[in-house]
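# A structural walkthrough
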Amino acid sequence: MRGNLLGRRTAQRLRQVAISAVGSVKIRLLLSCCMIFTLLALASRTASFMGWTDRTASLNRFTGPRKGYTLLINTWKRNDLLKRSISHYTSCPKLDSIHIIWSEPDPPSESLIEFLNHIVQSNSRNGQDIELKFDINKEDSLNNRFKEIKDLRTDAVFSIDDDIVFPCSSVEFAFSVWLSAPDAMVGFVPRIHWIDKSNGDAGRYIYGGWWSVWWTGTYSMILSKAAFFHKKYLSLYTNDLPASIREYVTKNRNCEDIAMSFLVANATGSPPVWVKGKIFEIGSTGISSLGGHIEKRSACVNRFVEHYGRMPLVSTSMKAMDSRSIWFW
Ligand SMILES: *[C@@H]1O[C@H](CO)[C@@H](O)[C@H](O)[C@H]1NC(C)=O
């Protein structure tokens, strides 16, 4: 009898335990379902929020018609290089206009103009003409490079020397990076500055060339021999840059690219963007191959720091590359 009662109680308790266990399993199942449901709901909302579901429609609504860029090419008595360069770039899809900065004493020859017009016309696509203009300068100054151009058709300027060529894919990619950071200088040739600590002269800066950038992976300037920037910087350079800096550039026939880097850094407080790209040099008589180059460039940096009263350049080690060319990420 007693044993029977005990047995019954135990059975009852066991059943209670079993019921509560089943209860907790049910609750867990329910909770799991709720969580999965919430996650699904969130995911679908995020998808539409991020534009994954109807991507092209929402993108087009915001960006409107796409605009290209203007090639701003600096040349000096090297018509063969100019022809090669322009022949190449006219084949790049988003090129809108070409402005040739002409500072030679003689105007461009008829045959050169004819040749270039022919190339441009034969490369113009589906009724959209590529514009070709010579910007003729009376004075021979490196400041001509950044003269304000009133009738520019695009916001983006691709500033380039006549002796280096980039494949269209690299140019397109740099252009797309610039679209993400239209206030920055975006380009292929980085340079660095650092403080000289060698002779207790703490305030002096040294300009670092390609090897320095390679060694440290850091840069603070992008040279205008191959860079995208907004056209507003042309008017800032022409109208707002201190006259003393412009005179220094004209007199020393150097450092207009450093002056531009200072101007953009001072205006934005941000570093430029280095883009990975293939470079082909087609000439080899640039200023940088002459002796005493680093000393002259360092002198420019220090002189400009005096004019600004501070060092505006900002260093970074970010490098933009095409993710399609990277295997692991
Ligand atoms: C640097 O930027 C400041 C603020 O935008 C501006 O007032 C100043 O004129 C700039 N300096 C130079 C030398 O351009």
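These numbers come from a predicted model, not from an experiment. (Residues numbered from 1 in each chain as written. Predicted model: local features only at pLDDT ≥ 70, side-chain atom pairs only at ≥ 80, totals over all residues. Heavy atoms only, no water.)

This brings us to the pairing of strand β4 (residues 156–161). Of all 6 residues in β4, 6 are buried, a share of seventy percent or more. Taking every second residue as pointing to the same face, both faces of β4 are buried, with A156, F158 and I160 on one and V157, S159 and D161 on the other. Relative to β4, strand β1 (residues 69–75) is paired through 6 bridges, and the arrangement is parallel. Bridging across to β4, N74 finds its partner in D161. (Buried < 20%, exposed > 50% of the residue type's maximum accessible area, 1.4 Å probe, protein only. Helix = DSSP H or I, 4+ residues; strand = E, 2+ residues; numbered from the N terminus. Pairing = 2+ DSSP bridges.)

This part covers unusual backbone geometry. Although it is not a glycine, K77 adopts a positive phi angle of roughly 55°. Mapping K77 onto the fold places it in the loop between β1 and α3 (79–89). Classification of K77 as exposed rests on a relative accessible area of 53%. With a phi close to 75°, C255 is a non-glycine residue in the positive phi region. Looking at where C255 falls in the secondary structure, it is placed in the loop between α8 (243–252) and α9 (256–268). You can call C255 buried: its relative accessible area is 0%.

Read across the sheet, 3 strands follow the order β8-β7-β9 without closing on themselves; strand pairing throughout is antiparallel. The open sheet has two edge strands, β8 (205–208) and β9 (221–222), and neither has a second partner. The sheet contact formed by strand β7 (residues 190–195) and β9 spans 2 bridges and is antiparallel. Among the inter-strand pairings, P190 is bridged to a residue of β9, identified as I222.

Viewed as axis vectors pointing N to C, α8 and helix α10 (residues 293–308) meet at an angle of 165°, and their least axial separation amounts to 10 Å. In terms of orientation, α8 lies roughly antiparallel with respect to α10. The two elements α8 and α10 meet at a crossing, and its hand is right-handed. Side by side, α8 and α10 meet where S244, I245, Y248 and V249 of the first sit next to A299, C300, R303, F304, H307 and Y308 of the second. Considering only residue class, the contact of α8 with α10 consists of 7 nonpolar, 2 polar and 1 charged. (Axes fitted to C-alpha atoms, helices over the stretch in contact; angles between N-to-C directions. Parallel < 35°, antiparallel > 145°, perpendicular 65-115°, else oblique. Left-handed = near helix turned anticlockwise from the far one by under 90°. Contact = heavy atoms within 4.5 Å. Nonpolar A, V, L, I, M, F, W, Y, C, P; charged D, E, K, R; others polar.)

With that out of the way, let us pick up the packing of α3 against helix α4 (residues 110–123). In a pair of packed helices, the angle between the axes and the distance between the axes together describe the arrangement. Here α3 crosses α4 at 10°, and the two axes come no closer than 10 Å. As judged from the angle between their axes, α3 and α4 are roughly parallel. The element α3 and its partner α4 pack so that their crossing is right-handed. In contact with N79, L82, K83, I86 and S87 of α3, α4 contributes L112, F115, L116 and I119. In terms of residue class, the contact of α3 with α4 is built from 6 nonpolar, 2 polar and 1 charged.

Let us look at the sheet that holds strand β2 (residues 95–102). As a general point, the strands of a sheet are linked pairwise by backbone hydrogen bonds and lie either parallel or antiparallel. The strand order across the open sheet formed by 8 strands is β3-β2-β1-β4-β10-β6-β11-β13, and the pairing between neighbours is mixed. Two strands in the sheet have a free side with no partner beyond their single neighbour: β3 (131–136) and β13 (319–320). Where β4 meets strand β10 (residues 226–230), 5 bridges bridge the pair, whose relative direction is antiparallel. Note on β10: the bridge partner recorded for A156 is H230. Packing of α3 onto the sheet brings it into contact with β1, β2 and β4, and relative to β2 it is tilted by some 170°. Relative to β10, helix α7 (residues 232–239) is tilted by about 90°, and along the sheet it contacts β1, β4 and β10.

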